[in-house]
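# Architecture and fold: a report
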Amino acid sequence: MTIHKGRGFACINYPIGMNLGGDPSQALVHSTPDGKFMVALSSIDLGQGMKSVTRQIASETLGVPVEDVYVDTADSDTGPHCMGSFASRGTHRVGNAVIRAAAEARKQMMEAAAEELEVNATDLDTDGAGNIHVKGAPSKSITIAETAIAAQFKQGRTLSGRGIFLIPPSEADPETGDMTPVTCFAHAALVVDLEVDDETGEVTVNHINSAYEVGRALNPKLVEQQLIGGAWMGVSHALYETTEPNYPARDHGPEDFNTYLQPGPGQIVPHDIAVLERPAEDAPYGGKGPGEMCANPVLPAVANAIYNAVGVRCDYLPITPEKVLRGIREQGGARPQAVRA
Amino acid sequence: MTKKPISFMLNDAEIGIFVGEGAPLIDELRRNAGDLTPKQGCNQGTCGACTVLIDGVPHLSCITLAETVDGKRIDTTGGLAGGPNLHALQDAFIQGFAAQCGFCTSGMLMAAKALLDANPNPSRDQVIEAISGNLCRCTGYEPIVDAILAAAARLQGRAV
């Protein structure tokens, strides 16, 4: 029995969203009577941080404290239309819609405050702490709560905004097939170090090093956490997850959560991440979001590392011990590729 | 279904309810006792999201019969915080971004609490062992393990 070390590399250019039939998302923003703001979306937060990041974006655009913004993604029947939380599109598409809705609500908020302060709305600014003041004269100010109360009970106006962000459909040129299916890409490169046991076919991932370019990281801790969790999913997909039996009888195959194999807390792979921030031009505050890309490059990197370790090229997933062992036997033993320092 | 009266302590409150014979504890806690903090994940005793402490020991409430907790003490995530003050574990989970979708969090917290109550100064491997019955599909576990170790350190008055 020998343990063979291997290293594999993969890189990825990942499209944000898709626009073959047009790719829209809408957002609606309105204030409550006490000057808090509700952001209504149909874009679901499935753990990736959609609520957190759209809350930050709305707060930044409105000029109000983040604590005063609530995001409601509860119901696609009653909320504004969204294509959905998929294709790594959330931050980019929904974030842009939120900026537009929040900007319209901010305009109304400033007009209501201007009426109360008897000044021109263009002379006003927000301090980000819940107040609106005359530029250069911070003492001449009104709170956002007072503004909302005046708007609703005295002026008879809403502080609200509508936003839609649409990437229009891209038609393919019938002659050449030329088209622009995506407007924005994120990028990553990833290196996996692992060991392959040539007696059992077992693969142990020891370390992941990665570099991700996701535009501006609007919430750096969330980005980092999404990348760590996503790489774990990638390892799981690459090596473990299958409903097919590893052995001839179906009896031994996973049928439910009890036996569906995933790495547990005892198989955490140390992962060092470098996040490169290159704010994208058409993205909300430059943020593209990691999305699905956080899992994808792990799979080819693991496959390449296994090839590097024992010379077995597995071209379908997951790479179970059985596939590795069959590969080793077919070629008459492990054939480590270039030795690594 | 015959109903059976039982009483138990639920997070320092004495509770008396009628439970269905053969009804799972999680259903009675959520629908009858009104504690929505234990989460129903797989409903077959595998994912750990429904973990509660019965007399201090972690149990899967989806495969525990409600009638068996008569006279016992049940702790859920609903009783972790002391008024406005979060438990050190809850605080560490927030600070360490140990929750993403949050569905496993309630069970993770209770598994971790059982560990720290019995072993205030656990090693990393002991933390891994303690949460090995709880599935998380978002985080990759690392921030959860780190958060539990950070909470242990804080409860012991040590720097993290």
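Every value quoted in this text rests on a predicted model; they were computed, and no experiment measured them. (Residues numbered from 1 in each chain as written. Chains lettered and ligands numbered in written order. Predicted model: local features only at pLDDT ≥ 70, side-chain atom pairs only at ≥ 80, totals over all residues. Heavy atoms only, no water.)

### Observations regarding the overall build of chain B
Note the cut-off: Secondary structure elements follow DSSP: runs of H or I of four or more residues count as helices, runs of E of two or more count as strands, with numbering from the N terminus. Computation of the radius of gyration draws on C-alpha atoms alone. For the globule rule, the value is 2.2 Å times the number of residues to the power 0.38. Throughout, exposure labels follow a simple rule: accessible area from a 1.4 Å probe, protein chains only, divided by the maximum for the residue type, with under 20% read as buried, over 50% as exposed, and the rest as partly exposed. The contact rule is simple, with two residues in contact once any of their heavy atoms fall within 4.5 Å. Here the accessible surface of atoms and residues is derived via Shrake-Rupley with a 1.4 Å probe, and residues count as covered only by protein chains that are part of the display. The charge count includes Lys and Arg as positive and Asp and Glu as negative, but it does not include His or the ends of the chains. By convention, the charge on Lys lies at NZ, on Arg at CZ, on Asp at CG and on Glu at CD.
Within chain B one finds 5 helices and 5 strands. Ordering the α and β elements of chain B from the N terminus gives β-β-α-β-β-β-α-α-α-α. Taking 2.2 N^0.38 as the reference for a compact globule, 160 residues should give roughly 15 Å; the C-alpha atoms of chain B span a radius of gyration of 16 Å, in line with that estimate. Taken along its principal axes, the extent of the C-alpha atoms in chain B is 50 × 30 × 25 Å. In chain B, which comprises 160 residues, the share counted as buried stands at 48%. When contacts within chain B are restricted to residue pairs at least 6 apart in sequence, long-range pairs at least 24 apart make up 54% of them. If you sum the accessible surface of chain B, you get close to 7,300 Å²; carbon and sulfur atoms cover 51% of it. Within chain B, one finds 12 positive and 16 negative side-chain charges whose respective centroids are separated by 4 Å.

### Some points on the overall build of chain A
Assigned secondary structure in chain A consists of 6 helices and 11 strands. A compact globule built from 341 residues would reach a C-alpha radius of gyration of about 20 Å, whereas chain A, at 26 Å, exceeds it by more than 25%. By principal-axis analysis of the C-alpha atoms, chain A measures approximately 85 × 50 × 40 Å. The buried share of chain A, reckoned over its 341 residues, is 50%. A fraction of 74% describes how many contacts in chain A between residues 6 or more apart in sequence connect residues 24 or more apart. As displayed, chain A has an accessible area near 16,200 Å², and 52% of this comes from carbon and sulfur atoms.

### Thoughts on the side chain of Asn-11 of chain B
All names here are of chain B. Worth spelling out the cut-off: Throughout this description, a polar contact denotes any pair of N or O atoms lying within 3.5 Å of each other; where both atoms belong to protein, one of them has to be capable of donating a hydrogen while the other can accept it, and for residues adjacent in sequence the pair is counted only when both atoms sit in side chains.
With respect to the helices and strands, the residue Asn-11 is situated in the loop between strand S1 (3-10) and strand S2 (13-20). Given the relative accessible area of 16%, Asn-11 is considered buried. Side chain to side chain, Asn-11 and Thr-76 meet in a polar contact 2.8 Å long. Look past the residues within four positions of Asn-11 in its chain and what remains in contact with it is Asp-35, Arg-73, Ile-74, Asp-75, Thr-76, Gly-78 and Gly-79.

### Some details on the packing of helix H1 (residues 50-62) of chain A against helix H2 (residues 90-117) of chain A
Residues and elements named next belong to chain A. Our working definition: Geometry is summarised by axes, namely lines fitted to C-alpha atoms with helices restricted to the contacting stretch, and by angles between N-to-C directions that run from 0 to 180 degrees. Whether a crossing is left-handed or right-handed is set by the direction in which the near helix is turned from the far one by less than a right angle, anticlockwise for left-handed and clockwise for right-handed. Put simply, Ala, Val, Leu, Ile, Met, Phe, Trp, Tyr, Cys and Pro go in the nonpolar bin, Asp, Glu, Lys and Arg in the charged bin, and everything else, Gly too, in the polar bin.
Two elements in contact, H1 and H2, have axes whose closest approach is 8 Å; the angle formed by their N-to-C orientations is 35 degrees. Helix-helix and strand crossings are classified by hand; for H1 and H2 the assignment is right-handed. Along the contact surface, H1 presents Met-50, Val-53, Thr-54, Ile-57, Ala-58, Thr-61 and Leu-62, while H2 presents Gly-90, Thr-91, Val-94, Gly-95, Val-98, Ile-99, Ala-102, Ala-103, Ala-105, Arg-106 and Met-109. A per-class count over the contact of H1 with H2 returns 12 nonpolar, 5 polar and 1 charged.

### Observations regarding the packing of helix H2 (residues 88-95) of chain B against helix H3 (residues 105-118) of chain B
Residues and elements named next belong to chain B. The condition is simple: Our angle categories are set so that under 35 degrees counts as roughly parallel, over 145 as roughly antiparallel, 65 to 115 as roughly perpendicular, and the remainder as oblique.
H3 packs onto H2 with a crossing angle of 130 degrees between their chain directions and a minimal axis gap of 10 Å. As judged from the angle between their axes, H2 and H3 are oblique. Note on packing geometry: the crossing formed by H2 with H3 is right-handed. Contacts from Leu-89, Gln-90 and Phe-93 of H2 reach H3 at Thr-105, Met-108, Leu-109, Ala-112, Lys-113 and Leu-116. A per-class count over the contact of H2 with H3 returns 6 nonpolar, 2 polar and 1 charged.

### What to know about helix H1 (residues 25-32) of chain B
Since there are 3.6 residues in each turn of an α-helix, residues three or four apart along the chain are aligned in direction. Residue and element names in this part refer to chain B. Where H1 is concerned, the buried positions are Leu-25, Ile-26, Asp-27, Glu-28 and Leu-29. On its buried face, H1 is in contact with S1, S2, strand S3 (51-54) and strand S5 (73-75). With its phi angle positive at about 75 degrees, Gly-34 sits one or two positions after the end of H1.

### Some points on the pairing of strand S9 (residues 185-197) of chain A
Residues and elements named next belong to chain A. Operational definition: Note on pairing: two strands pair once DSSP finds at least 2 bridges between them.
Two strands pair when backbone bridges link them, and strand S1 (residues 3-15) and S9 are joined in this way by 13 bridges, in the antiparallel orientation. Residue pairing for S9: Arg-7 is matched across the bridge by Asp-193. Where S9 hands over to strand S10 (residues 203-213), the hairpin turn is made up of 5 residues, of which Gly-201 adopts a positive phi near 80 degrees.

### Remarks on the domain arrangement of chain A
Accessible area lost upon the coming together of the parts serves often as the stated size of an interface. All names here are of chain A. The criterion, for reference: The split into domains, and so the bounds of each, comes from an automatic or database assignment of domains. Accessible-area loss on putting two parts together, using a 1.4 Å probe and summing over both, is the definition of buried area adopted here. Take a side-chain nitrogen of Lys or Arg and a carboxyl oxygen of Asp or Glu: if they are within 4 Å of each other, that pair is a salt bridge.
Once the domains are mapped, chain A shows domain 1 (3-15 + 185-330) and domain 2 (23-167). For domain 1 versus domain 2, the distance between C-alpha centres works out to 38 Å. Each side of the interface is counted separately: domain 1 has 17 residues, and domain 2 has 17 residues. A buried area of about 1,200 Å², summed over both sides, lies between domain 1 and domain 2, and 56% of it is on carbon and sulfur atoms. When the buried surface of domain 1 facing domain 2 is broken down by residue, Leu-218, Pro-284 and Tyr-285 rank first, second and third, together holding 42% of it. Where domain 1 touches domain 2, the interface holds 0 salt bridges. Taken together, the links from domain 1 to domain 2 amount to 7 residue pairs in polar contact (both at pLDDT 80 or more). Going through the elements one at a time, S1 and helix H4 (220-239) are the ones with two or more residues in the side of domain 1 that touches domain 2. Among the residues forming the side of domain 1 that touches domain 2, the class breakdown is 9 nonpolar, 5 polar and 3 charged.

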